[in-house]
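What follows is each chain in one-letter form.
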Amino acid sequence: MNRYSAKILIIVILAQFFITAANAQNDTLSVLRLFPNASSDDARADDSTSHLTYENIDTVAEQLNNLQSLYTKGKYGKVLLLAREMCHYDHLSKSQNLIRLKYNIAAFKELAFHRQADSAARLFLKKDPFYTPTNSDPLPFREVLENYYTMPLLAIWVSMGVGTFNVYKDTIRSIVDTIPGYPEYWMRSSSVQIGFEYRPIKFVSIFVAPTYNTYTIKRTKEFVKDVVFHYNENAKLITVPVGVELGLYKRHEKFVPSIYGGAQLKYIINSKYNAFNEAKGSFYSDIPSKKSDTNTKNRTNMSVIGGLKININHRRLTYFADGGVSYDILSYNDPAKKYRNSELLFQNLYVPDIFHLLEFYVRGGVKLNLHFNTIAKYRYGY
């Protein structure tokens, strides 16, 4: 063999070696990962799930993409395996965990694991009671969530309000009045309320709402000609309304009216008054300082209450306006103590009137819904 033939043979052998090496390199591309971008995300996802180790997945975001890809390919069993493995990660954010649960529920439903799908749906709504499914969500997931609704189980609210009164006079005692007629009353109230609510079912809630009230009472009566008798009183009370509220819900309205009724306990903490005569046209009246007269009242009283609320719901907050009435069972002044105040009796010739109060009030406030409950529609569930 001459020199040229040997060179040609060596070149052919080397060429054959490099071609074989190149083919071997191409066949092992997915394993050697020489070019990470050479394979698609789907291919990488399918390769990783075939071993069920997910060692080649670096971030939670990639795992969630893998979860979606597996579901799209109809590999529901692998979706459940990956979702279960991700459940043990303590670094998942709320939104990431909701995505995991979303595909977990859809896979359960596709595999006819209805009880497990319902259980996962309740957990999903517990984590996000305000979630509204979109068209981009898996259809089985939307179908499961459609069978449930959420409602606030516990709530607390604060409100402020003002009120006015109708005075129903039972007994008016005149000593030396020479002008016939009845006294005129002007009464106003203000209140600050803290309420607690428990809602056992969607449409009905039970509430208790301790309230701090202030009353301003002004009584005027023409005593003799051109002389007007004034009686002014300021009182502080604690009331504790207890009642039942009925919400007029249809679905998940932002705007919900409700009605309520019940009873309230009333207790007068303190009452102060002054009384004086004023001559008509006079520029000066001797107005005495106010004195305590708490014990001549029915300090403990009971009222029936009722009213209407307008509620505007925004996630965990509810803004409301409340208009209601309350009617006292006992009279405001105690008839058994009508002669107890000697100063009013002998200096002002006045015996306190016996009357009942009908209060009209309006309040506005905000409610914080503390805990939400998931309810199955139409007794759905397993």
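Going by the structure above, here's the rest.
Chains are numbered independently. Their residues run from 1 in the order of the written sequence. Given that the model is predicted, a residue must reach a pLDDT of at least 70 before its local features are reported, and side-chain atom pairs must reach 80 or more before they are shown or counted; all residues, however, enter totals for whole chains, interfaces and linings. As a convention, hydrogens and water are excluded, and side-chain values are obtained from all of the structure's heavy atoms.

Explain helix α6 (residues 94-110) here, please?
At 3.6 residues per turn, the α-helix brings residues three or four places apart onto the same side. The helix count covers DSSP runs of H or I at least four residues long, the strand count covers runs of E at least two residues long, and both are numbered beginning at the N terminus. Expected helix span is taken as 1.5 Å per residue step, with the number of steps being one fewer than the number of residues. Across its 17 residues, α6 extends 24 Å between first and last C-alpha, which sits within 8% of the 24 Å expected from 1.5 Å per residue. Burial classes follow relative accessibility: with a 1.4 Å probe on protein chains only, a residue under 20% of its type's maximum area counts as buried, one over 50% as exposed, and anything between as partly exposed. Three or more residues of α6 are buried, namely N97, L98, R100, L101, K102, Y103, N104, I105, A106, A107 and F108. Whether two residues touch is decided by their heavy atoms; if any such pair falls within 4.5 Å, the residues are in contact. Buried positions along α6 lie against α4 (60-72), α5 (76-87), α7 (114-127) and α8 (139-145). Downstream of α6 by a residue or two, A112 has a phi angle that is positive, lying close to 65 degrees.

Honestly, a nonpolar patch on the surface in this entry has me stumped. Any pointers?
A cluster of nonpolar side chains, contributed by F203, L246, L248, F255, I259, L308, I310, I312 and Y319, occupies part of the molecular surface with about 800 Å² of accessible area. Breaking the nonpolar patch down by element, the ones donating at least two residues are β6 (255-279) and β8 (300-314). Checked against the element boundaries, I310 lands in strand β8. Here a patch means residues that are over 30% exposed by relative accessible area and free of salt bridges, tied together within 9 Å if like-charged and within 5 Å if nonpolar (Val, Leu, Ile, Met, Phe, Trp, Tyr). Calculation of accessible area relied on Shrake-Rupley with a 1.4 Å probe; when residues are assessed, cover is drawn exclusively from the protein chains displayed. In what follows, salt bridge is the name for a side-chain nitrogen of Lys or Arg lying within 4 Å of a carboxyl oxygen of Asp or Glu.

Honestly, the nonpolar core in this entry has me stumped. Any pointers?
Among the buried residues, those of types Ala, Val, Leu, Ile, Met, Phe, Trp, Tyr and Cys that are joined through side-chain atoms within 4.5 Å form a nonpolar core. Residues V79, I105 and F124 are the most contacted members of the largest nonpolar core, which totals 28 residues. Going through the elements one at a time, α4, α5, α6, α7 and α8 are the ones with two or more residues in this core. For this core, the element with the most residues is α6, which contributes seven residues. If you look at the next biggest cluster of nonpolar residues, it comprises 19 residues, including V167, Y215, A275 and Y332.

How should I be thinking about the pairing of strand β3 (residues 204-208) in this particular structure?
Only one face of β3 is covered, namely the face carrying S205 and F207; the face carrying V204, I206 and V208 is uncovered. A strand pair is defined by DSSP finding two or more bridges across the two strands. Of the strand pairs in this sheet, strand β2 (residues 184-201) and β3 are connected by four bridges, and their pairing is antiparallel. Within the sheet, the bridge partner assigned to E197 lies in β3 and is F207. In this antiparallel pair of consecutive strands, β2 and β3, the connection spans two residues.

What exactly am I supposed to notice about the pattern of salt bridges here?
Side chains that carry opposite charge are capable of pairing whenever their charged atoms lie near each other. Summed over all chains, the structure comprises eleven salt bridges. Measuring nitrogen to oxygen at the nearest pair gives 3.3 Å for the salt bridge that ties E233 to K297. In this pair, E233 is assigned in strand β5 (residues 227-247) and K297 in the loop between β7 (291-292) and β8, connecting sequence segments 64 residues apart. Owing to a relative accessible area of 2%, E233 belongs among the buried residues under this scheme. Judged by relative accessible area, K297 falls into the buried class, the value being 3%. A salt bridge links D322 to R363; the nearest nitrogen and oxygen atoms lie 4.0 Å apart. Of this pair, D322 sits in strand β9 (residues 317-328) while R363 sits in strand β10 (residues 354-376), placing them 41 residues apart in sequence. Assessed through its relative accessible area of 5%, D322 is described here as buried. Note on R363: relative accessible area 10%, which makes it buried. Within this structure, E197, R199 and K367 form a network of salt bridges that share partners.

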